Structures are given as structure tokens and as C-alpha cells.
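# Residue-level structural notes
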Amino acid sequence: MAVSISVVLLLLLLAVIFMRQGALKISHALVCMLFGFFLASTSMAPTITSGLTATADLVSSLRP
């Protein structure tokens, strides 16, 4: 749960930054949001979630 909340907050921060700079229009953000909702309801959602979890575990195991 913590990983998904972190990813959502990071994506929200990036979307806000892009919108403020004019690189991301509101219509583009809405399309991306709708794509995310539709993607979450597909059979690919568990695969994407496990891939993100594995990547987060790999990054958290690295020592600087």
C-alpha cells in the first residue's frame, strides 16, 4: 500500500509541475487519468503491480 501511495503522489507532483509549466494541458491530464482507470480494470493490472513492487524492492535494497 505504501508503494502505491508513493507512486500516486509522485505522479500527482509531476502532473502539477507539468501543468504549471504549460507542458501538460488539462485535457492531456484527463486522458492520462482515464487511461489509468481503464488500465487498472484490465487483466494487466496485477502484472503491472507486481512489476512496480519488484522494482521498488530492488531500489530499496540498494545501498548508496
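Read on for a plain summary of the structure. Keep in mind that this is a model prediction, so the values were computed, not measured. (Residues numbered from 1 in each chain as written. Predicted model: local features only at pLDDT ≥ 70, side-chain atom pairs only at ≥ 80, totals over all residues. Heavy atoms only, no water.)

We now examine the overall build of the chain. Scanning the chain for helices and strands turns up three helices and zero strands. Going from N to C terminus, the chain has its helices and strands arranged as α-α-α. Carbon and sulfur atoms make up 77% of the accessible area of the chain, which totals about 5,600 Å². (Helix = DSSP H or I, 4+ residues; strand = E, 2+ residues; numbered from the N terminus. Areas by Shrake-Rupley, 256 points an atom, 1.4 Å probe, with all protein chains shown as cover.)

What follows concerns the environment of leucine 24. Looking at the secondary structure, you find leucine 24 in the loop between helix H1 (2–21) and helix H2 (26–40). Sequence separation of leucine 24 and leucine 14 is 10 residues, and the distance between their C-alpha atoms is 9.8 Å.

On the surface, a nonpolar cluster with roughly 740 Å² of combined accessible area is contributed by Met19, Ile26, Leu30, Met33, Leu34, Phe37 and Phe38. Take phenylalanine 38: its relative accessible area is 59%, and that puts it in the exposed class. (Patch = residues over 30% accessible without salt bridge, like charges linked within 9 Å, V, L, I, M, F, W, Y side chains within 5 Å. Salt bridge = Lys/Arg side-chain N within 4 Å of Asp/Glu carboxyl O. Buried < 20%, exposed > 50% of the residue type's maximum accessible area, 1.4 Å probe, protein only.)

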